[in-house]
Amino acid sequence: MTKSHNSFYESLGVTRIINGASWITTYGGSLMPDAVVEAMNEASGWFVDIHDLNEKAGEIIAHTTGAEAGLVTAGSAAGMVLQAAACMTGKDPAKIWSLPDTSRMKNEIIIHRGHQVSYTHSYRAAGAHLVEIGSVHSTEKWELETAINSQTAAVAYVYGPRQSGALDLKEVVDIAHPKDVPVIVDASAMLPPPENLHKFIDEGADLVSFSGGKGLLGPQSTGILCGKSELIQAAYANSAPNSSGVARAAKVCKEEIAGLITALKLFVETDHQLVAKNWREKSSHIVDQLGLIEGLKIELIEADYSARDSRLNFASARITFLNHWSGKSRDQIVQSLEDGDPSIRLGVSTYDQSISVLPVCLQTDEEQIIAERLKELLSS
Ligand SMILES: *Cc1c(COP(=O)(O)O)cnc(C)c1O
C-alpha cells in the first residue's frame, strides 16, 4: 500500500505519480521491498574490503544463474559497457587504460539490425564499433558468418521490446563459438520470468546483463552481469574500484551490492505465478471497466514468455485509437492523465496510436483509479 505522505518528496514539492508504465527509469524504476532497504541500511554500518564483497556477491550470482562467475553492476547499461570492454581488452592493463581508444585491439561488435535499440549506445561508449547484419525482418546465418573477421570482439544479442528479425540465440552461439567469438546478451528487462536467470547462460551466452532495478526489485541503479570467469574478471578490471577503467564512472557502492543480492534472493523465493496472476487481474480490470467504446480497440494482451519481446513478460491492457475515433486525441488523453492528481503515467506507443496500462508497478487498487480516470476521459 502506497503511503499517503512522504515528508522528503513533499519538502521538495515533488508529487507522487501512479506508474502504469512499468519499470521505467524516468518514473523511478521500481519500489524496493522492505528487506532490500533494510539490507542496504545494515550494510552502511561497516567498512569492508570492496574486492572481498564483490567476490562473495559474485559467487551468489554465479550460483543463482548457473554461470561460472558474476558481478554486481551499476545498472544493466553499465553491464553492457563492461561486456564490450571485457571482450575488447581481456585483462590486458594497457588495453584497459586505452579505452575508449580501441585502435590497437579487436573492436567490432556484430549486432542484428533488429536489435538496434537506444541502449546499444552503451557498447559504443566503451569504444566498440557496431557492425550491423540482417534486416529488421529477417537475418540469414551467412550474414553472421561472413561478418565475423579478425577484428570481431563479440556478437551482441539484445532482448528488448518488440524484437524481430534476429537469428535464435543458440544459432548465434553455434556460429560464433567455433570462431572463438564470445556472445554477449542484453537481457535487461527479461526478469521475470525467473527461468531467464539461467536460460541464456544455458543456451551458451558468454556474458548476460540484467537490470537490478526492474522486475528484480533491487536498487534502481544496479544490475547483474554473469558469465564466463575470464570475461567477468576482465569486466571487473575495467570497472570500479580500478580507477583507470572505462567503467570507473559506473561505481557500485556496498549498500547497493547488499540491496541487489538481497533482492536476488527474494526474487528466487517469490511465487511468480501468483504475481503474474495478480498483474493479469489488474490488466483485465481495466479492459472490463472500459468495456466497448466506439472507435477504440480495448484488449488484454497476454504474457508470452516464449516471445523474444520483453513487453510480453507480463499481461497488460492496450487501448488503440482507431481512425474513426471521434473523442480527444491519444496525446491529449496522455496529457490529461499526466496533469491529473495523482498524475498517471501509462505506456505510450511510439509506433502506433495506442496506450497501454502495464500493471507491474501498480500499487494496491491503483488499477481502479486508472480505470475511473480513463472512463472519464474517454467518454468526455
Ligand atoms: C532497461 C534496459 C536497459 C538498461 O538497463 P538499466 O538497468 O536501466 O541500466 C538496456 N537494455 C534494455 C533492452 C532495457 O530494457
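Note that the structure is predicted; figures quoted are calculated from it, not measured. Numbering of residues begins from 1 in every chain and follows the order in which that chain's sequence is written. For a predicted model such as this one, the threshold for reporting local features is a pLDDT of at least 70, and the threshold for listing and counting side-chain atom pairs is 80 or more; totals across whole chains, interfaces and linings nevertheless cover every residue. As a convention, hydrogens and water are excluded, and side-chain values are obtained from all of the structure's heavy atoms.

(A) The site of the ligand, seen in detail. Residues are classed as near a molecule or strand on a simple rule: at least one heavy atom within 4 Å of it. As a matter of local geometry, the ligand sits amid 13 residues, with Ser76, Ala77, Asp186, Ser211 and Lys214 nearest to it. Polar contact is defined as a pair of N or O atoms within 3.5 Å, subject to the rule that within protein one atom must be able to donate a hydrogen and the other to accept it, and that residues adjacent in sequence are counted only when both atoms are side-chain atoms. Separating an oxygen atom of the ligand from a backbone N or O atom of Ala77 is a distance of 2.8 Å. At a separation of 2.8 Å, an oxygen atom of the ligand approaches a polar side-chain atom of Lys214. Here a strand is any run of E in DSSP of at least two residues, a helix any run of H or I of at least four, and the numbering for each starts at the N terminus. In terms of residue count, helix H4 (residues 76-89) provides more of the shell around the ligand than any other element does, three residues in total. All residues other than Ala, Val, Leu, Ile, Met, Phe, Trp, Tyr, Cys, Pro, Asp, Glu, Lys and Arg, Gly among them, are scored as polar; the first ten of these are nonpolar and the last four charged. For the shell around the ligand, the class distribution of residues is five nonpolar, six polar and two charged.

(B) Focus on the environment of Arg124. Inspection of the secondary structure assignment puts Arg124 in helix H6 (residues 121-125). For every residue, the accessible area (1.4 Å probe, protein chains only) is compared with the maximum for its type, and the residue is labelled buried under 20%, exposed over 50%, or partly exposed between those bounds. On the basis of relative accessible area, Arg124 is assigned to the partly exposed category, the value being 46%. Arg124 sits 15 residues away from Ile109 along the chain, and the two C-alpha atoms are 9.0 Å apart.

(C) The pattern of salt bridges, seen in detail. Salt bridges are counted wherever a side-chain nitrogen of Lys or Arg sits within 4 Å of a carboxyl oxygen of Asp or Glu. Inspection of the entire model under this criterion finds 15 salt bridges. One salt bridge connects Glu255 with Lys254, and the closest N-O pair in it is separated by 2.9 Å. For Glu255, a relative accessible area of 17% gives the class buried. A salt bridge links Arg330 to Asp331; the nearest nitrogen and oxygen atoms lie 2.8 Å apart. The exposure class assigned to Arg330 is buried, which follows from its relative accessible area of 7%.

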